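# Understanding the architecture of this molecule
Single-letter residue listing:
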Amino acid sequence: MARGLPLNRQWVFVTRNGIIAYDWGNGYAQDLISGEFFPMPEANTYDTADEKALMLLVQMGVAEAFDNTHLYVHDLPTRPLRSLD
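In short, a report on the structure. All values derive from a computational prediction rather than experimental measurement.

Going through the model one piece at a time under the given rule, you end up with two salt bridges. Between Arg9 and Glu51 there is a salt bridge, and its shortest N-O distance comes to 3.5 Å. Within this pair, whereas Arg9 is found in the loop between strand S1 (5-8) and strand S2 (12-15), its partner Glu51 is found in helix H1 (residues 51-59), the two being separated by 42 residues in sequence. Overall, Glu51 belongs to the partly exposed group, its relative accessible area being 47%. As a salt-bridge pair, Asp47 and Arg16 come within 2.6 Å of each other at their nearest N and O atoms. Highlighted residues: Asp47 in strand S6 (residues 46-48) and Arg16 in the loop between S2 and strand S3 (20-23), separated in sequence by 31 residues. What makes Arg16 exposed here is its relative accessible area of 55%.

Below, the structure is given as C-alpha cells:
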C-alpha cells in the first residue's frame, strides 16, 4: 500500500508551459514540484496529467506512487492564509 497524501488523479493537471499541478477546487492550484500556489488557469490551457507526468513526479521524489485513482505525494506546503485579526 502506498504511503503519502492521496490526491485524486482527476485533479492533477499539466499546464501548457509544463507545470504539473493540483486543482484544490477553491480557485487555486498548487505546483506539485515547487509547492507554489497560483490562480487556477482557464480550462483550455491545461490537460489532465498522464502516466508520464505522474511517473516524473515519482522519479523526482515528489510522489511515492500512483494508482488508477490517486497520486500519493509527500508533504506539500500549506496555502498561506491571512488571519482575521
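Counting 15 residues, the largest nonpolar core has Val12, Ile20, Leu32, Leu57 and Leu71 as the members making the most contacts within it. Counting residues per element, this core draws most heavily on H1, which supplies three residues. Setting aside chain neighbours within four positions, we find Leu57 in contact with Ile20, Leu32, Ile33, Val62, Ala63 and Leu71.

All right, on to the packing of aromatic side chains then. Here the structure, examined in full by the defined rule, presents two aromatic pairs. Here Phe13 and Tyr46 contribute two aromatic rings whose centre-to-centre distance is 4.6 Å and whose plane-to-plane angle is 50°, an arrangement assigned as tilted. Of this pair, Phe13 sits in strand S2 while Tyr46 sits in strand S6, and the two are 33 residues apart along the sequence.

Reading guide: rules and limits
- Residues numbered from 1 in each chain as written.
- Predicted model: local features only at pLDDT ≥ 70, side-chain atom pairs only at ≥ 80, totals over all residues.
- Heavy atoms only, no water.
- Salt bridge = Lys/Arg side-chain N within 4 Å of Asp/Glu carboxyl O.
- Helix = DSSP H or I, 4+ residues; strand = E, 2+ residues; numbered from the N terminus.
- Buried < 20%, exposed > 50% of the residue type's maximum accessible area, 1.4 Å probe, protein only.
- Core = buried A, V, L, I, M, F, W, Y, C linked by side-chain atoms within 4.5 Å.
- Contact = heavy atoms within 4.5 Å.
- Phe/Tyr/Trp six-rings, centres within 6.5 Å; stacked < 30°, edge-to-face > 60°.

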